[in-house]
Amino acid sequence: MTTERLPWISADPASSRLLELAQKVASAPTTLLIVGESGTGKDHLARFIHEIGPRRDAPFLKIDCASLPPQLVESELFGHERGAFTGAVERKLGRLELGGNGTIVLDEVAALSSNAQSKLLRVLQERAFERLGGNETLRIEARLIALTNVDLQAAVVDGRFREDLFFRLNVLTLSVPSLRERRADILPLADHLLASLCSVHGRANIRLSEASRTMLAAYTWPGNVRELRNALEHAIVFSRSEMLSPDDFPDTVRAAMPGGPGAAAGLRTLLEIEKDVVAATLDATKYRIGEAAKILGISRKTLLEKRKRYGLK
């Protein structure tokens, strides 16, 4: 029986080049580092590489290094023995052990604690590890793929990331371009995402009007593919017809249309542009302040001040 594999949309030359590189590294056992802005599809690319490579029928496991407390990240990754820490009432196998000869994805690897970074370095150097609280040395057969939207070289300079670990991770690196850097992908991606969302919402005949397609192609998408998906789902939910019009989309997206919300009858002020960009980024990240601040290249404090200034709740 043939299993349908995950597609990678590559209408834009930038995406086509990335696809070629992905196909080249798919069969390699070497650790892979995938970098790019939040929402560009780094995890999607990791899964695609797994599915076109020789490990496709083995486990594909992912751990979000940013969303779990440091001890839980280590427990999820390395496993633990009974009594290793408070609450460890029984032995637990970690992802490195459960992954077999499959693929293990470390999402937001830059968020790992210094202790976890040290242990991960050993895994990459020796292909070995121990469960927390254990003495038995275990071997790792899985391929590791690390994802991050952080500039790791800058993190090394700031002392937030180990230099030796960076060099171990930076053997094979793929950079996922932002959606504004692969504009030819916008409409093919929109069509693909719309078909998937229509299935989820049970509305099989939904389609985009020409005005909506023009609007989507003109927007800058600071939240990348994630924001595009969110905008399409917003439109499906609020549309009363089978044809999605610009009015069905969030105001931040409609601002890309001539005469749309926030657009002046000529040039716009920097404050108007900044407000739209901040609002769009917050909307795309579902108001996760830390993530939005990283995308915008500002501190959490500055973003909170701008949110208050512009009345963005």
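Since this is a predicted model, take the numbers as computed values, not measurements.

Before going further, it helps to spend a moment on the packing of helix α8 (residues 186–201) against helix α10 (residues 224–238). At a closest axis distance of 9 Å, the pairing of α8 and α10 adopts a crossing angle of 50°. Regarding the angle of α8 to α10, the classification is oblique. For α8 against α10, the interelement crossing comes out right-handed. Residues Ile186, Leu189, Ala190, Leu193, Leu194, Leu197, Cys198 and His201 of α8 pack against Val225, Leu228, Arg229, Leu232, Glu233, Ile236 and Val237 of α10. For the contact of α8 with α10, the per-class residue count stands at 12 nonpolar, 1 polar and 2 charged.

Bringing helix α9 (residues 210–218) into the picture now. Looking at α9, one finds that the buried residues are Ser212, Met215 and Leu216. In an axial view of α9, the angular spread of the buried residues amounts to 95°, which keeps them on one side of the axis. Opposite the packed face of α9, turned more than 90 degrees from it, sit the exposed residues Glu210 and Thr214. Against the buried residues of α9 lie α8, β10 (207–208), α10, β11 (243–244) and α11 (251–254).

Over its 13 residues, helix α5 (residues 114–126) extends 18 Å from the first C-alpha to the last, a length consistent with the 18 Å expected when each residue adds 1.5 Å. Of all the residues in α5, the buried ones are Ala116, Gln117, Leu120, Leu121, Val123 and Leu124. Down the axis, α5 shows its buried residues gathered within 160° of arc, on one side only. In this fold, the buried residues of α5 make contact with α3 (70–78), α4 (95–98), β5 (103–107), β6 (128–130), β8 (143–148) and α7 (163–169). Positive phi appears at Arg127, one or two residues downstream of α5, with a value of about 55°.

Looking now at the environment of Ile34. Position of Ile34 among the secondary structure elements: in strand β1 (residues 32–35). With a relative accessible area of 0%, Ile34 lands in the buried category. Expressed as a C-alpha distance, the spacing of Ile34 and Thr148, which sit 114 residues apart in the sequence, is 6.7 Å. When neighbours within four sequence positions are excluded, Ile34 is seen to be in contact with Lys42, Leu45, Ala46, Ile49, Ile145, Ala146, Leu147, Thr148, Leu174 and Val176.

Take the pattern of salt bridges next. Evaluated as defined, the whole model comprises 22 salt bridges. Between Arg122 and Glu130 there is a salt bridge, with the nearest N and O atoms lying 2.6 Å from each other. Assessed through its relative accessible area of 24%, Glu130 is described here as partly exposed. Arg162 is the partner of Asp164 in a salt bridge, and the nearest nitrogen-oxygen pair spans 2.7 Å. Judged by relative accessible area, Arg162 falls into the partly exposed class, the value being 29%.

Definitions and limits used
- Residues numbered from 1 in each chain as written.
- Predicted model: local features only at pLDDT ≥ 70, side-chain atom pairs only at ≥ 80, totals over all residues.
- Heavy atoms only, no water.
- Axes fitted to C-alpha atoms, helices over the stretch in contact; angles between N-to-C directions.
- Helix = DSSP H or I, 4+ residues; strand = E, 2+ residues; numbered from the N terminus.
- Parallel < 35°, antiparallel > 145°, perpendicular 65-115°, else oblique.
- Left-handed = near helix turned anticlockwise from the far one by under 90°.
- Contact = heavy atoms within 4.5 Å.
- Nonpolar A, V, L, I, M, F, W, Y, C, P; charged D, E, K, R; others polar.
- Buried < 20%, exposed > 50% of the residue type's maximum accessible area, 1.4 Å probe, protein only.
- Arc of directions from axis to C-beta.
- Expected span 1.5 Å × (residues − 1).
- Salt bridge = Lys/Arg side-chain N within 4 Å of Asp/Glu carboxyl O.

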